[in-house]
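# Summary of structural features
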Amino acid sequence: MSRKVIITCAVTGSVHTPSMSPHLPITPDEIAQQAIDAANAGASILHLHARDPQTGFPSPEPDLFMEFLPRIKAATDAVINISTGGGMTMTVKDRIRAASHAAPEMASLNMGTMNFGLFPALASRTEWKHDWEPEFIENSRDFVFKNTFSDIETILADLGEANGTRFEFECYDVGHLYTLAHFVDRGLIKGPIFIQFVLGVLGGIGADPDNLAHLKRTADKLFGDQYHFSVLGAGRHQMPLASMAAAMGGNVRVGLEDNLYLRKGELAPDNASQVRKIREVLDGLSLEIATPDEARAILGLKGADKVAF
Ligand code: KMH
Ligand code: ZN
């Protein structure tokens, strides 16, 4: 198959809070609609989190996921990827519940314990829709994003072994690639490996071209041609880094989970607008996008008929 670019759209996440953008999808209706629109715009993978519909607080509740997963599946052919990163207040056990219940084709798997600082965002806002928001963001100053070897083993066993779910391996620094290689060496992870290089999170590697080149060079050394990579640049780094990824032979991730803007000073009206924007870049590079079935073939996924929703 000639090279096709997989677009992942991460629709809402758990990093941004409702006051930061009126366009951040919160309710199951909003998440479903924006996910469907993103798929129609060209995203072949939808990376999904849930939120409490009243407050917008990130939620691990499988019942909430089940309010939008079947609707997205009925309306699109896109691959569903359920987060196991969850949100700051969740235990690892909680973070796995939705993916364990729904047995999706894909789930995220974060490859190392780290700091994850959102608190600089406090400086740019004084008014909040919900009381929980400033406290949630401030608490990131003391937050440890826990992804120990034991956590990774649990997720590989409970989701991978048990349900045939495959993973978006989120690597926020070079060491995370060595952790991934460790699990490959133990035979607990088999190809095709899909690595999401995450750049620009406060606590992870910085978002610049040199760092992306170093991540790719390291992955080439560790995994040879047995892997595919995609790139997620946090905030304003999203489009530049996704563009670099595409030019370097990789795949791209966009979506309001990682960046609320379409361009400087202009909030993205929805997720689909970011998908359309990266498609313009891909088109400029004469790159074709992968359909969901092409993404399934590239990543060795089990198929949408084998999920539990
Ligand atoms: N928002 C990303 C930087 C996950 O859901 O597993 C991290 C993420 C984690 O996507
Ligand atoms: Zn996520």
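See the structure above.
Presented here is an overview of the structure given in this document.

Parameters and conventions
Residues numbered from 1 in each chain as written. Chains lettered and ligands numbered in written order. Predicted model: local features only at pLDDT ≥ 70, side-chain atom pairs only at ≥ 80, totals over all residues. Heavy atoms only, no water. Helix = DSSP H or I, 4+ residues; strand = E, 2+ residues; numbered from the N terminus. Rg over C-alpha atoms; globule rule 2.2 N^0.38 Å. Buried < 20%, exposed > 50% of the residue type's maximum accessible area, 1.4 Å probe, protein only. Contact = heavy atoms within 4.5 Å. Pairing = 2+ DSSP bridges. Axes fitted to C-alpha atoms, helices over the stretch in contact; angles between N-to-C directions. Donors = N, O, S within 2.8 Å, 3.2 Å for Na, K, Ca; no water. Near = heavy atom within 4 Å. Polar contact = N/O pair within 3.5 Å; in protein donor to acceptor, adjacent residues only side chain to side chain. Areas by Shrake-Rupley, 256 points an atom, 1.4 Å probe, with all protein chains shown as cover. Salt bridge = Lys/Arg side-chain N within 4 Å of Asp/Glu carboxyl O. Phe/Tyr/Trp six-rings, centres within 6.5 Å; stacked < 30°, edge-to-face > 60°. Lys NZ or Arg CZ within 6 Å of the ring centre and 35° of its normal.

### Regarding the overall build of the protein chain
Helices and strands together make up the secondary structure of the protein chain, namely ten helices and 16 strands. For 309 residues, the compact-globule estimate of 2.2 N^0.38 gives 19 Å, and the protein chain sits close to it at 18 Å. On the principal axes, the C-alpha backbone points of the protein chain span a range of 50 × 40 × 40 Å. The 309 residues of the protein chain split such that 57% are buried. Once local pairs closer than 6 in sequence are excluded, the contacts in the protein chain between residues at least 24 apart make up 75%.

### Here we look at the sheet that holds strand β2 (residues 7-10)
Taking strand neighbours around the barrel as the criterion, the eight strands line up as β2-β3-β6-β7-β10-β11-β12-β13 in a closed arrangement whose pairing is parallel. Pairs of neighbouring strands in the sheet enclose a mean axial angle of 25°, with direction left out of account. Pairing between strand β3 (residues 45-48) and strand β6 (residues 79-82): four bridges, direction parallel. When the bridges of β6 are listed, His47 appears paired with Asn81.

### A word on helix α8 (residues 238-247)
Summarising burial for α8: seven of the ten residues are buried, a large majority. For α8, the set of buried residues is Gln238, Met239, Leu241, Ala242, Ser243, Ala245 and Ala246. Taken together, the buried residues of α8 touch β11 (193-199), α7 (209-223), β12 (227-233), β13 (251-254) and α9 (271-284). Of the residues trailing α8, Gly249 is marked for its positive phi of about 100°.

### Here we look at the coordination of the zinc ion (ligand 2)
On the protein side, the zinc ion (ligand 2) has His47 (NE2), His49 (NE2) and Glu257 (OE) as donor atoms, found 2.0 to 2.1 Å from it. Classification of Glu257 as buried rests on a relative accessible area of 9%.

### Regarding the site of ligand 1
Near ligand 1 lie 15 residues; those nearest to it are His49, Ser83, Ser108, Asn110 and Glu257. Contact between ligand 1 and Gly85: an oxygen atom at 3.1 Å from a main-chain N or O atom of the residue. Protein chains bury 95% of the 310 Å² of accessible surface belonging to ligand 1 in isolation.

### Quick notes on the pattern of salt bridges
One pass over the structure, following the stated rule, counts 18 salt bridges. Note that Asp151 and Lys146 form a salt bridge whose closest N and O atoms lie 2.9 Å from each other. Judged by relative accessible area, which is 39%, Lys146 ranks as partly exposed. Taking the shortest distance from any N to any O, the salt bridge between Arg253 and Glu168 comes out at 2.9 Å. Of this pair, Arg253 sits in strand β13 while Glu168 sits in strand β10 (residues 166-171); the two residues are 85 residues apart in sequence, bridging distant segments of the chain. Here Arg253 matches Glu168 in class, with each residue buried. Through salt bridges with shared partners, a single ionic network connects Glu168, Glu170, Arg253, Glu257 and Asp258.

### Things to note about the packing of aromatic side chains
Applying the stated criterion across every chain, the model contains 13 aromatic pairs. The interplanar angle of 75° and the centroid separation of 5.5 Å between the aromatic rings of Phe57 and Phe136 together place this pair among those described as edge-to-face. Note that Phe57 is positioned in the loop between β4 (50-51) and β5 (58-59) and Phe136 in helix α4 (residues 132-139), a separation of 79 residues in sequence. Among the residues examined, Phe136 registers a relative accessible area of 5% and is labelled buried. Taken together, a centroid distance of 6.4 Å and an interplanar angle of 35° make the contact between Tyr227 and Phe229 tilted. The exposure classification of Tyr227 matches that of Phe229, with both residues buried. Through pairs of rings, three or more aromatic residues link up here, namely Phe116, Phe143, Phe145 and Tyr172. A cation over a ring is seen here: Arg125 above Trp128, with NZ or CZ 5.9 Å from the ring centre.

Coordinates in, geometry out; function isn't part of it.
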